[in-house]
Amino acid sequence: MTRLLLCLVTFLYITTSFSQITGRVTSVTGENLPVVSVYLNDTYIGTTTNDDGVYELSLSKTGDYTVVFQYLGYKTVKKTITVTSFPFTLNAELIDEDISLGEVVINSKDNPADIIIRKTIEARKANLEKQNTFSANFYSRGLLKIKNAPEKIFGQEIGDLGGALDSTRSGIIYLSETISKLEYQAPKPLKEKIIASKVSGNDNGFSFNSANSVNFNFYDNTINLGNALISPIADYAFNYYRYKLVGVFYDDKGHLINKIEITPKRENDKAFSGFVYIVEDDWSLYAVDVSVTGKRAQVNPVDVFAIKQSYAYSESDAIWAKISQVFEFKFGILGITGDGYFTVVYSDYDFAPNFKDDHFTREILSFEDNSNKKDSIYWLQKRPVPLTQPENKDYIKKDSIQLVQNSKPYLDSIDSADNTFKITDIISGYRFQNSHKSYSFNVSSPLKGINFNTVQGFNSFLDVNFMKNYDDFNKYLSIGTKINYGEADDRIRAVGNFRFKFNNINDRFISFSGGIKTEQFNSAAPISPLINSISTLFFEDNYMKLYDKTFAEATFSQELFNGFRLYSSLAYERRKALFNHTDYTFINEERDSYTSNNPREPFNYLMPSFTVHNIVKLNVNARINFAQNFYSRPDGKFNINNNKYPTLTLGYEKGLGASNSNYNFDTFKLDLQQEVVVGNKGVLNYNLKGGFFANADAIAFIDYHHFNGNQTNVNFRGSYLNSYKNLPYYALSTNKNYAEVHAQHNFKGFIMNKIPLLNKLNYNMLISTNIAYTDNNKPYTEYAIGIDNLGLGKYRFLRVDYVRSYQGTGFINDAVLFGISL
């Protein structure tokens, strides 16, 4: 009885206190119309309908109002009403828009659509500048669902994703809402403060919805959807689009609206298809209804992206402002298919806010206190777009099972099933976890780490790790060991490690490690164990050169202030030379043989590459991300690099206390790298490195600067800006001054999409160069031309480069490099 009375009181409170106009919008045939813009005349106060055609428009008081219903393809409807009490029901029926070409005189020489688009392009910057400063309210709802999910991926069971999947293995896996306050002043980034956040099935969760992530401004030359896509009103849009005037119509205020169809000129251009609606004389956007395939955007898991935007006009501001947007997508990869959308509403614009000089900082997103604690009454009152039946059902279902899923008996039952040893764990590894106490214990499979080198022969790694999470994963403790056994030298080596992360705000951590292991002379490990195993066993090229390292090391890292991160380490090392212990190979070439384990003397098999010695090494590095923006979430600080400026890393390394005093040294290092989006012409990346040694004339070869070479004709790391494509691994190692230049430009289809026949392949052309400068040597230079986005269907992650190498002006050799592109 008490529960019934509580429900009745709540119902009466809701129905009497909410200041809302509600209703349904349909076509003349009774079809529910989704994404209809509903707003008060001559204002930016509005909302949109949901998939059921239902809307809710919040007002502050009763009175006389004129409500506007605007939907693409239908005539705009205005209804003047007198509201005496809330809630007030107002339904609307829309009729098809009478789009006609009757008033358009078509000249055989001039395409009227081209004329309209040219004028819109001319007005693009002026229209952009009209919205250089504003504040607004923002609402976002995001949903992601999958269909017919497989039970396993790569042999690993994926379960029911916390109860999200039904018996058909389909369901909503993400549903979230935010209500925010937006503030903007060009050229500063958009600033957002989230007032309310709701995540289905997690009453402590914070939404990942944000205004920046769906801020698609078609007045900009490009729109970022994983790659830069060309706006249909970009300065250079005529290079990418064909335009056709479908017809014209008048809106409710007498503005002439031009409906223009846009189609890409070439099959794989990064351009949209669909319609743009242009206001005559103002040459402003009235609406956008476009889509682009994932293939065109080169976001291969995605089948299609779609964007619908509606704009409203205010006589007082004389601005057409975006009031609603729906961003939809469909995807499929690894047997998983699904779709999703983000519905957003902009309202209550103020185009003359009074911002103080210090109002905008590098914090571009923050959460109000207790933003995730808003109750259902708050959301019923403030949510501008009503929930659909599936959305409402998902909230009820997941919120009801949340307490059960977080209870100890439930977590223990899940852990009991997951912790059961399975025969497949021999291949994939074993994991034991206690979800209630937030700790886990992992043992890797020794089969995964099997590799071959000429020092150890066949060898394998076994990782054992314990992890304990604290404060909802904001900090953690990790303790582990890595055990390595080599059959040729018949030796076990082991390394232990301890790591504690203090928080997600400045990301401070401290770690200790020690033990004995083999390590490459170049500590950057330019050749992976897998690639070395293949080159050694099949081609008799044992490029990996190893030494024995006994060490103890302490490491500390922290972001001292925004954009400035400090890394430091202090280590004791005992180093010992190693020899080859095997000449085994799968394919024994008569004119080929293994080289020694001495990188400086490849045919000296008898003498050690260096004498045994000890040394203490201090490393201090500072990374500076200039003008770094960041998100302040309750669960941590998330940094956003500003690509307008490069990232600078300064480093100092000192060798001291060496058993041979000649091995003590000082090194000063610098690294400068940046990614620059060059409009429609692709992306330029560069990495500039340099350094100089002091007191280092007779230091150990291990402490030289080693250039990251490559002699295997493959690159499976996915990074091409920290290594060379055709340089022997230790050919230019130096203890003198040095410099490196790595630069690459990916044209992102700018060239290939303009070449007949080749443009059907959807490949990208790349050009790159790598230069190495050392004292007493002519510069080593590589020039390469490559193609990426190679592959089949949605799996297009391969790349091939042709490279030519020079020393000074003299040609050395050329090669073809196969790899992956990430």
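A quick note: this is a predicted structure, and the numbers were derived from the prediction, not measured.

**What about the overall build of the protein?**
Reasoning step 1: Counting its regular elements, the protein contains nine helices and 44 strands.
Reasoning step 2: On the principal axes, the C-alpha backbone points of the protein span a range of 100 × 80 × 55 Å.
Reasoning step 3: Counting every position in the protein, which comprises 822 residues, the buried fraction comes to 49%.
Reasoning step 4: A fraction of 60% describes how many contacts in the protein between residues 6 or more apart in sequence connect residues 24 or more apart.
Reasoning step 5: As displayed, the protein offers around 39000 Å² of accessible surface, 56% of which is attributable to carbon and sulfur atoms.

**Description of the nonpolar core**
Reasoning step 1: Among the nonpolar cores identified, the biggest contains 73 residues, and Phe 218, Leu 225, Tyr 241, Ile 260, Phe 272, Tyr 286 and Phe 327 are the most heavily contacted of them.
Reasoning step 2: Element by element, the count of residues in this core is highest for strand E21 (residues 319-333), at seven residues.
Reasoning step 3: Residues in contact with Tyr 241, not counting those within four places in the same chain, are Ile 230, Ser 231, Pro 232, Ile 262, Thr 263, Pro 264, Lys 265, Ala 271 and Phe 272.
Reasoning step 4: Counting 31 residues, the second-largest nonpolar core is a separate cluster that includes Leu 546, Ala 577, Tyr 704 and Tyr 780.

**Structural notes on helix H9 (residues 529-539)**
Reasoning step 1: All of the buried residues in H9 are Ile 531, Asn 532, Ser 533, Ser 535, Thr 536 and Leu 537.
Reasoning step 2: In this structure, the buried side of H9 is in contact with strand E26 (451-453), strand E27 (457-470) and strand E39 (714-715).

**Overview of the pattern of salt bridges**
Reasoning step 1: Following the criterion strictly, the structure yields 36 salt bridges and no others.
Reasoning step 2: A salt bridge links Lys 147 to Asp 339; the nearest nitrogen and oxygen atoms lie 3.3 Å apart. You can see Lys 147 sitting in strand E9 (residues 133-147) and its partner Asp 339 sitting in strand E22 (residues 336-350), a full 192 residues away along the chain.

**Observations concerning the sheet that holds strand E2 (residues 37-40)**
Reasoning step 1: Strand order across the open sheet formed by four strands is E3-E2-E5-E6, with antiparallel pairing between neighbours. The outermost strands of the open sheet, each flanked by one partner alone, are strand E3 (46-48) and strand E6 (77-83). Mean inter-strand twist for the sheet, computed between neighbouring axes without regard to direction, equals 20 degrees.
Reasoning step 2: Sheet topology note: the E2/E3 ladder contains three bridges and is antiparallel. Each residue of the ladder has a partner; that of Ser 37, found in E3, is Thr 48.

**Details of the packing of aromatic side chains**
Reasoning step 1: Applying the stated criterion to the full structure yields 53 aromatic pairs.
Reasoning step 2: Put simply, the rings of Tyr 44, Phe 134, Phe 138, Tyr 184, Tyr 346, Tyr 349 and Phe 351 touch in pairs and so form one group of aromatic residues.
Reasoning step 3: Over the face of the ring belonging to Phe 238 we find Arg 118, whose NZ or CZ atom lies 4.7 Å from the ring centre.
Reasoning step 4: Positioned above the aromatic ring of Phe 630, the side-chain terminus of Lys 637 is 4.7 Å from the ring centre.

**A closer look at the side chain of Thr 47**
Reasoning step 1: If you trace the backbone, Thr 47 turns up in strand E3.
Reasoning step 2: Engagement of the side chain of Thr 47 in a polar contact is seen with the backbone oxygen of Pro 384, the distance being 2.3 Å.
Reasoning step 3: Discounting residues that sit within four places of it in the chain, Thr 47 has contacts with Val 36, Ser 37, Val 38, Tyr 55, Glu 56, Leu 57, Val 345, Pro 384 and Val 385.

**A look at unusual backbone geometry**
Reasoning step 1: Put simply, Phe 86 and Pro 87 share a cis peptide bond, and its omega is -5 degrees.
Reasoning step 2: Tracing the sequence through the fold places Pro 87 in the loop between E6 and strand E7 (88-89).
Reasoning step 3: Look at the link from Ala 186 to Pro 187: it is a cis peptide, with omega at 5 degrees.
Reasoning step 4: Residue position: Pro 187 is located in the loop between strand E12 (171-185) and strand E13 (191-199).

**Describing the confidence of the model for the protein**
Reasoning step 1: Looking at the protein as a whole, its pLDDT mean stands at 92, while 96% of the residues score no less than 70.
Reasoning step 2: A low-confidence stretch, residues 1-17 stays under pLDDT 50, and its non-local contacts, those more than four residues away or across chains, total seven contacts.

**Remarks on the pairing of strand E37 (residues 665-677)**
Within a regular strand, the side chains alternate between the two sheet faces.
Reasoning step 1: Across nine bridges, strand E36 (residues 647-656) lies against E37 in antiparallel orientation. Paired with Glu 653 across the two strands is Thr 667, which belongs to E37.
Reasoning step 2: As paired strands, E37 and strand E38 (residues 683-694) are joined by 12 bridges and run antiparallel to one another. In the sheet register, Thr 667 faces E38, and the bridge partner there is Phe 693.

**Quick look at the pairing of strand E28 (residues 475-486)**
Reasoning step 1: Summarising the sheet, E27 and E28 pair through 12 bridges and their orientation is antiparallel. Paired with Asn 459 across the strands is Gly 486, a residue of E28.
Reasoning step 2: With 11 bridges connecting them, E28 and strand E29 (residues 491-501) associate as antiparallel partners. In the sheet register, Ile 479 faces E29, and the bridge partner there is Phe 498.
Reasoning step 3: Counted between consecutive antiparallel strands, the loop separating E28 from E29 contains four residues, among which Asp 490 sits at a positive phi close to 50 degrees.

**Focus: the side chain of Ser 440**
Reasoning step 1: With respect to the helices, strands and loops of the structure, Ser 440 is situated in strand E25 (residues 439-443).
Reasoning step 2: Beyond its immediate sequence surroundings of up to four residues, Ser 440 is in contact with Arg 431, Phe 432, Gln 433, Asn 465, Phe 466 and Met 467.

**Quick look at the environment of Leu 94**
Reasoning step 1: Mapped onto the fold, Leu 94 is located in strand E8 (residues 92-94).
Reasoning step 2: C-alpha separation for the pair Leu 94 and Val 28, spaced 66 residues apart in sequence, amounts to 6.2 Å.

**Quick word on the environment of Ser 416**
Reasoning step 1: In this fold, Ser 416 is placed in helix H7 (residues 408-418).
Reasoning step 2: Along the primary structure Ser 416 and Gln 156 are separated by 260 residues, whereas in three dimensions their C-alpha atoms are 17 Å apart.

**Side note on the environment of Pro 756**
Reasoning step 1: Tracing the backbone shows Pro 756 in the loop between strand E40 (738-746) and strand E41 (764-774).
Reasoning step 2: It is 9.3 Å that separates the C-alpha atoms of Pro 756 and Arg 266, two residues lying 490 residues apart in sequence.

Analysis parameters
Residues numbered from 1 in each chain as written. Predicted model: local features only at pLDDT ≥ 70, side-chain atom pairs only at ≥ 80, totals over all residues. Heavy atoms only, no water. Helix = DSSP H or I, 4+ residues; strand = E, 2+ residues; numbered from the N terminus. Buried < 20%, exposed > 50% of the residue type's maximum accessible area, 1.4 Å probe, protein only. Contact = heavy atoms within 4.5 Å. Areas by Shrake-Rupley, 256 points an atom, 1.4 Å probe, with all protein chains shown as cover. Core = buried A, V, L, I, M, F, W, Y, C linked by side-chain atoms within 4.5 Å. Salt bridge = Lys/Arg side-chain N within 4 Å of Asp/Glu carboxyl O. Pairing = 2+ DSSP bridges. Axes fitted to C-alpha atoms, helices over the stretch in contact; angles between N-to-C directions. Phe/Tyr/Trp six-rings, centres within 6.5 Å; stacked < 30°, edge-to-face > 60°. Lys NZ or Arg CZ within 6 Å of the ring centre and 35° of its normal. Polar contact = N/O pair within 3.5 Å; in protein donor to acceptor, adjacent residues only side chain to side chain. pLDDT = per-residue confidence, 0-100.

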